[in-house]
Protein chains: 2
Amino acid sequence: MTALHLPLARTNFIRSSSAPPPPSASTTPVTVTQNLSYWDSIYSDINSHLKKSIPIRHPVSVFEPMHHLTFSPPKPTAAALCVAACEVVGGDRADAVVAASAIHLMHAAIYTHDHLLLTDRPGSGIPHRFGSNVELLTGDGIMPFGFELLAGSGGADSEKMLKVVVEIAQAVGGKGMVDGWSGRPSRRLDGCGAACGAILGGGSVEEIDRMKRFGVYVGKIQGLLSDESGSEGGKVELAEKWRDLALEELEYFEGKKIEQISTIVRVT
Amino acid sequence: MTALHLPLARTNFIRSSSAPPPPSASTTPVTVTQNLSYWDSIYSDINSHLKKSIPIRHPVSVFEPMHHLTFSPPKPTAAALCVAACEVVGGDRADAVVAASAIHLMHAAIYTHDHLLLTDRPGSGIPHRFGSNVELLTGDGIMPFGFELLAGSGGADSEKMLKVVVEIAQAVGGKGMVDGWSGRPSRRLDGCGAACGAILGGGSVEEIDRMKRFGVYVGKIQGLLSDESGSEGGKVELAEKWRDLALEELEYFEGKKIEQISTIVRVT
């Protein structure tokens, strides 16, 4: 049986270069370095764009929490998948960075309100960062700011951009809300991120669908592995099944550069 | 001095036909009936569109609160202004109804979270409708649903639609958040609504700017008159000043049908 390694397992975020190497690094150091470099370079581009877009400005009482709550949550794989998917279908990274930044902001808004629900639970013992009213209003401000960033970028053609707005709005809105209530809110964005990247990179309808399903499997695997309950053996089996299904979706892109995106469900 | 009548004063919403007539109705019955019919007909179109767009579907635990929290808040003038502004610049009502519906949803999301802040205040005595977690998540779902409705409508041309997305996102996002913190969140949408209508109706840059400023004055007047504090005399004077400035913006549209939209700051 092939061993399963998921570099992002149990973390739900792309490790930054300064973070300690993942547990499997000692056994496959070269591959890990390559993988991290790819995902790191994507996140570095997203971060640069976000930092340019969200300066700390007057009034500081509003923008300081916004800045903090945008950059402190774990980095979402969905945003990185957006850039990687764009590159697979032949697009330039620059075409996807704005949408990836918007997805990062959606994730941050969701994360902020999830945290609010946790801290507001009686006896939770989890401290508020800023007070519940500030966390509520800041989350409310971050989400539309993501849409503003996206629709106001003037980058991609308008048709594609509207499709991306719909894709993201669906993931975080009505449908996403239903998923969110089922307890795994942060996982709803992975399929969306991959689909947005494929749209912006000029993928065909079939490519967009395949990439979306790939992203959904990535999200399912990560959700499974970050879930503390259940038996380890059962989880590995299910994760392997989903990994195989994810890789099947990528087979459709034969001849294109799928090596790097496939490392997100890396098999050694 | 011209007497000042503001049909929407102290209500922040368009009265429905079944509601009692406004206090000034007895003195100017004919005008009032006409005015209400115009705004009523707009809101009837917006409501129809919203009802088609938000069916109660499975899971009811999610969509029932969404339905309730969408339709129970007072109807925002911003949504009606969107349709009226579109008609002034020569557009068809149908071009603006989707955007007006999206603005209604933004207002509902803001209203829901404002209500949450009030009810969560210790000793407020105001009951939650659904429990704070449901109100939080439902507000979070309603806002992106508005963007989905807008971007997915396929109605207006894509360029215009992206401009409207930006306009609305700015009003409810970063900038709107700053205004919201200053205590009058529901007023931030009026200028946005008027601007969106002018964009969708095919208005020029100057027409869009003028219409936006008109909407901002409408919002300021209504905010002033719904504010319980301050002296009545001072308020009337200030409201009259803003009304005159609002009407000055409309003068730019000479020769176009401004009678109906001007009734929102009605002068008899």
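An unreviewed UniProt entry lists chain A under the name Geranylgeranyl pyrophosphate synthase, with Deinandra increscens subsp. villosa given as the organism. Quoted straight from UniProt, the Cofactor (unreviewed entry) entry for chain A says "Mg(2+)".

K.L.:
What is the right way to look at the environment of G197 of chain A in this model?
P.N.:
Counting through the fold element by element, G197 of chain A comes out in helix 8 (residues 190-200). Under the relative-accessibility criterion, G197 of chain A is labelled buried at 0%.

K.L.:
Got a minute to help me understand the side chain of S53 of chain B in this structure?
P.N.:
All names here are of chain B. Along the chain, S53 turns up in helix 1 (residues 29-53). In this structure S53 comes out as buried when scored by relative accessible area, which is 16%. In this structure the side chain of S53 is engaged in a polar contact, spanning 2.6 Å, whose partner is the backbone oxygen of H49. Excluding residues that lie within four positions of it along the chain, S53 makes contacts with F145 and L149.

K.L.:
How do you make sense of the relation of the copies chain A and chain B when you look at a structure like this?
P.N.:
Relating one copy of the chain to the other takes a rotation about an axis and a shift parallel to that axis. Least-squares fitting of chain A to chain B yields an RMSD of 0.0 Å, with the transformation described by 0.0 Å of translation along the axis and a rotation of 180°. Seen this way, the second copy is the image of the first under a two-fold rotation axis. For chain A, the smallest separation between a C-alpha atom and the rotation axis is recorded for S158 of chain A, amounting to 2.8 Å. Comparing interface residues between copies, 100% of those in chain A also lie at the interface in chain B; the contact surface is shared.

K.L.:
Whenever I open this one, the interface of chain A and chain B confuses me. Can you help?
P.N.:
Size of an interface, as often reported, equals the accessible area lost when the parts are brought together. Each partner contributes to the interface: chain A provides 37 residues, whereas chain B provides 37 residues. Taking both partners together, chain A and chain B bury about 3,400 Å²; carbon and sulfur atoms supply 79% of that area. At the surface where chain A touches chain B, the tally comes to zero salt bridges. Elements that contribute at least two residues to the side of chain A that touches chain B include exactly helix 2 (60-71), helix 4 (93-120), helix 5 (132-151), helix 6 (158-172) and helix 7 (174-181) of chain A. Considering every element that reaches the side of chain A that touches chain B, the biggest residue donor is helix 5 of chain A, with 13 residues. Taken together, the residues that form the side of chain A that touches chain B break down as 23 nonpolar, ten polar and four charged.

K.L.:
Looking at this model, I keep getting lost on the packing of helix 2 (residues 60-71) of chain B against helix 5 (residues 132-151) of chain B. Mind explaining?
P.N.:
All names here are of chain B. Running from N to C, helix 2 and helix 5 cross one another at 70°; their axes reach a closest spacing of 10 Å. By the angle class used here, helix 2 and helix 5 are roughly perpendicular. Contact with helix 2, carried on its side by P65, M66, L69 and T70, involves V134, T138, G141, I142 and F145 of helix 5 and no other residues of that element.

K.L.:
Explain the environment of E64 of chain B here, please?
P.N.:
Turning to its location among the elements, E64 of chain B is positioned in helix 2. As for E64 of chain B and I54 of chain B, which are separated by ten residues in sequence, their C-alpha atoms are 9.8 Å apart.

Procedures and definitions
Residues numbered from 1 in each chain as written. Chains lettered and ligands numbered in written order. Predicted model: local features only at pLDDT ≥ 70, side-chain atom pairs only at ≥ 80, totals over all residues. Heavy atoms only, no water. UniProt positions renumbered as here; feature names shortened; annotations may be inferred. Helix = DSSP H or I, 4+ residues; strand = E, 2+ residues; numbered from the N terminus. Buried < 20%, exposed > 50% of the residue type's maximum accessible area, 1.4 Å probe, protein only. Polar contact = N/O pair within 3.5 Å; in protein donor to acceptor, adjacent residues only side chain to side chain. Contact = heavy atoms within 4.5 Å. Least-squares fit on C-alpha atoms with pLDDT ≥ 70 in both. Buried area = accessible area lost by both parts, 1.4 Å probe. Salt bridge = Lys/Arg side-chain N within 4 Å of Asp/Glu carboxyl O. Nonpolar A, V, L, I, M, F, W, Y, C, P; charged D, E, K, R; others polar. Axes fitted to C-alpha atoms, helices over the stretch in contact; angles between N-to-C directions. Parallel < 35°, antiparallel > 145°, perpendicular 65-115°, else oblique.

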